[in-house]
Amino acid sequence: MTHRVLITGGASGIGRRFAERFAETGARIAVCDADAQAAEELSVAHPEILTRTTDVTNEAQMQAFLDEVEAAWGGVDVVCANAGTGGPAGRIEDMSYADWQACVAVNLHGTFLTCRWAARVMRVQGSGLILITGSTAGLFGYPLRSPYATAKWGLVGLTKTLAMELGPAGVRVNAIAPGAVEGDRMERVLANESAATGRDIEELRANYVENVSLKSWVSADDLADMALFLASPAASKISGQVMAVDGHTEAIV
Ligand SMILES: NC(=O)c1ccc[n+]([C@@H]2O[C@H](COP(=O)([O-])OP(=O)(O)OC[C@H]3O[C@@H](n4cnc5c(N)ncnc54)[C@H](O)[C@@H]3O)[C@@H](O)[C@H]2O)c1
């Protein structure tokens, strides 16, 4: 596999695992992330990865990053629109407009800017895969997480629509919907939800596992396995799909 792979929000968590696992296959990797410290750590650990501090919601910053990658590579094979933020936890009647907008901006508007560029480049080259990181929050209702669920459901619409727009040009578009993933991010989510509800963190943690048929959270590697599969020739006829990697859930909470 000699892919050229671009990953947003790739300096930590799932995106970083995507970057490392694609790199292991011999792919060239470009990562952007809004967290300058995490980006610095990634470029120290992996100097071969083109890493830039870029906010996906900032059009000028994104254009500079994407132009740089296009100039360096002359095209792109896989674009992982992965940057996301969990947003606030709480009832909608208590939520500030600023918090709502900030969550939707990263998850939806940043994905728009990423996908717009990917579509322009991939349509011309007649090939490519856009891989959007959605969530099981985009498959079910998610009480107290309305902006996040709204944005992730929006990404399902974007995935299916872009698959139709770009399919005739030979470009595939899929989403991965992770369930609860082991790691820092879920620890922050649990802390926020505990603060919003007054419920004990361990009780909330047990509840997330209870709703999973396989009685387990998933790992970033489980998601990277799916990303590598979707980028492989074995998935050449898979497009417009939302692939849940969640141990099977029928409801989040
Ligand atoms: N962790 C989970 O349980 C879980 C579950 C379902 C879906 N997801 C989704 O997976 C994706 C990755 O999340 P993660 O779990 O790796 O979280 P994470 O917080 O570990 O990593 C997200 C990365 O995105 C970066 N980022 C945030 N806002 C950004 C912005 N505006 N511009 C550029 N980069 C930005 C962060 O700095 C961070 O490095 C997100 O889209 C998230 O919604 C995560």
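Residue indices follow the written sequence of each chain, beginning from 1 at its first position. Residue-level local features of this predicted model are given only where pLDDT is at least 70; pairs of side-chain atoms are given and counted only at 80 or more, and the full residue set underlies all totals for whole chains, interfaces and linings.

Colleague: What am I meant to see in the overall build of the chain here?
Modeller: Working definition: helices are DSSP H or I runs of at least four residues, strands are E runs of at least two. Numbering for both runs from the N terminus. The helix and strand tally for the chain stands at eight helices and seven strands. As a reference, a globule follows 2.2 Å times the number of residues to the power 0.38, and the radius of gyration itself is taken over C-alpha atoms. Here the chain has a C-alpha radius of gyration of 17 Å; the compact-globule value for 253 residues is 18 Å, and the two agree. When the backbone C-alpha atoms are referred to their principal axes, the chain occupies close to 50 × 35 × 30 Å. Looking at the chain as a whole, 44% of its 253 residues are labelled buried. Two residues qualify as being in contact provided that their C-beta atoms, derived from the backbone, are within 7 Å of each other. Within the chain, residue pairs in contact and separated by at least 24 positions form 69% of the contacts whose partners lie at least 6 positions apart. Burial is judged by counting the other C-beta atoms within 10 Å of a residue's own C-beta: 20 or more makes it buried, 12 or fewer makes it exposed, and any count in between marks it as partly exposed, with every C-beta position built from the backbone.

Colleague: Looking at this structure, how should I read the pairing of strand β6 (residues 171-178)?
Modeller: Moving residue by residue along a regular strand, the side chains alternate between the two faces of the sheet. When you tally the buried positions in β6, you get eight out of eight residues, the bulk of the element. Burial along β6 is two-sided: the face carrying Val171, Val173, Ala175 and Ala177 and the face carrying Arg172, Asn174, Ile176 and Pro178 are both buried. Any two strands with at least two DSSP bridges between them are considered paired. Relative to β6, strand β5 (residues 128-133) runs parallel, the two sharing six bridges. By the bridge assignment, Ile132 is partnered in β6 with Ala175. One ladder, built from four bridges, connects β6 with strand β7 (residues 242-245); its direction is parallel. In the sheet register, Ala175 faces β7, and the bridge partner there is Val242.

Colleague: Before we go on, may I ask you to explain the site of the ligand in this structure?
Modeller: By definition, a residue lies near a molecule or strand provided its backbone-derived C-beta atom is within 6 Å of it. In the vicinity of the ligand, 29 residues are found, and the nearest of them are Gly9, Gly13, Ala34, Gly84 and Val181. Asp, Glu, Lys and Arg are counted as charged, while Ala, Val, Leu, Ile, Met, Phe, Trp, Tyr, Cys and Pro are counted as nonpolar; the rest, among them Gly, fall into the polar class. For the shell around the ligand, the residue count by class is twelve nonpolar, twelve polar and five charged.

Colleague: Teacher, can you tell me more about the packing of helix α6 (residues 184-197) against helix α7 (residues 201-210) here?
Modeller: Packed helix pairs are specified by the crossing angle of their axes together with the interaxial distance, meaning the distance between the axes. Fitting a line to C-alpha atoms yields each axis, with helices limited to the stretch in contact; the angle taken between N-to-C directions then spans 0 to 180 degrees. At a minimum axis distance of 9 Å, the contact between α6 and α7 shows a crossing angle of 120°. Looking at the two axes, α6 sits oblique to α7. The two elements α6 and α7 cross, and the hand of that crossing is right-handed. Between α6 and α7, the residues in contact are Leu190, Ala191, Glu193 and Ser194 and Ile201, Leu204 and Arg205, respectively. Grouping the amino acids of the contact of α6 with α7 by side-chain chemistry returns four nonpolar, one polar and two charged. Oblique is the label for any angle not covered by the other classes, which are roughly parallel (under 35 degrees), roughly antiparallel (over 145) and roughly perpendicular (65 to 115). Two helices that cross are described as forming a left-handed crossing if the nearer one is turned anticlockwise from the farther one by less than a right angle, and a right-handed crossing if clockwise.

Colleague: Mind showing me how you'd approach unusual backbone geometry here?
Modeller: Excluding glycine, most residues fall at negative phi; most peptide bonds, likewise, are trans. Even without being a glycine, Leu144 presents a positive backbone phi close to 75°. Following the sequence through the fold, Leu144 ends up in the loop between β5 and α5 (146-166). On the basis of neighbour count, Leu144 is assigned to the partly exposed category, with 18 C-beta atoms found within 10 Å.

Colleague: Help me understand the nonpolar core in this model?
Modeller: Soluble globular proteins: nonpolar side chains tend toward being buried together. Connectivity within a nonpolar core runs through C-beta atoms within 7 Å, and the core itself is a set of buried Ala, Val, Leu, Ile, Met, Phe, Trp, Tyr and Cys residues. In terms of nonpolar packing, the biggest core is built from 67 residues, with Val31, Val79, Cys80, Ile130, Leu131 and Ala227 touching the most fellow members. Sort the elements by how many residues they give to this core and helix α4 (residues 97-125) lands first, with nine residues. Sequence-distant contacts of Val79, defined by excluding residues within four places in its chain, comprise Leu6, Thr114, Ala118, Ile130 and Leu131.

Colleague: Help me understand the packing of α4 against α5 in this model?
Modeller: The interhelical angle for the contact between α4 and α5, taken along N-to-C directions, is 15°, at an axis separation of 9 Å. By the criterion of interaxial angle, the relationship of α4 to α5 is roughly parallel. The chirality of how α4 crosses α5 is right-handed. Residue-level contacts link Trp100, Cys103, Val104, Asn107, Leu108, Thr111, Cys115, Ala119, Met122 and Arg123 of α4 to Pro147, Tyr148, Thr150, Ala151, Lys152, Gly154, Leu155, Leu158, Leu162 and Leu166 of α5. Residues that form the contact of α4 with α5 fall into these classes: 14 nonpolar, four polar and two charged.

Colleague: Would you mind going over α5 with me for this structure?
Modeller: Every α-helix carries 3.6 residues per turn, so stepping three or four residues along brings you back to the same face. Taking 1.5 Å of rise per residue, 21 residues should cover 30 Å, and α5 covers 30 Å from first to last C-alpha, within 8% of that figure. Of the positions making up α5, those classed as buried are Ser146, Pro147, Tyr148, Ala149, Ala151, Lys152, Leu155, Thr159, Leu162 and Leu166. Lining the buried residues of α5 we find α4, β5, β6 and β7. The span one expects for a helix is its residue count, reduced by one, times 1.5 Å.

Colleague: Any chance you could explain the sheet that holds strand β1 (residues 4-8) here in plain terms?
Modeller: Within a sheet, neighbouring strands are paired by backbone hydrogen bonds and run either parallel or antiparallel to one another. Reading across from one edge, β3-β2-β1-β4-β5-β6-β7 is the order of the seven strands in this open sheet, with parallel pairing throughout. If you trace the sheet from one side to the other, it starts and ends with β3 (50-53) and β7, each paired once. For this sheet, the mean inter-axis angle between neighbouring strands, taken without regard to orientation, is 15°. Taken strand by strand, α4 contacts β1, β4 (78-81), β5 and β6, and its axis lies near 170° from that of β5.

Colleague: In this structure, what is going on with α4? I would like to understand it.
Modeller: The terminal C-alpha atoms of α4 lie 41 Å apart, and with 29 residues this matches the ideal 42 Å at 1.5 Å per residue to within 8%. Each residue is assigned a bend, namely the angle between axes fitted to the seven residues that terminate at it and the seven residues that start at it. In α4, a bend of some 40° at Ala105 exceeds every other bend along the element. Count one or two residues on from α4 and you reach Gly126, which has phi positive near 75°.

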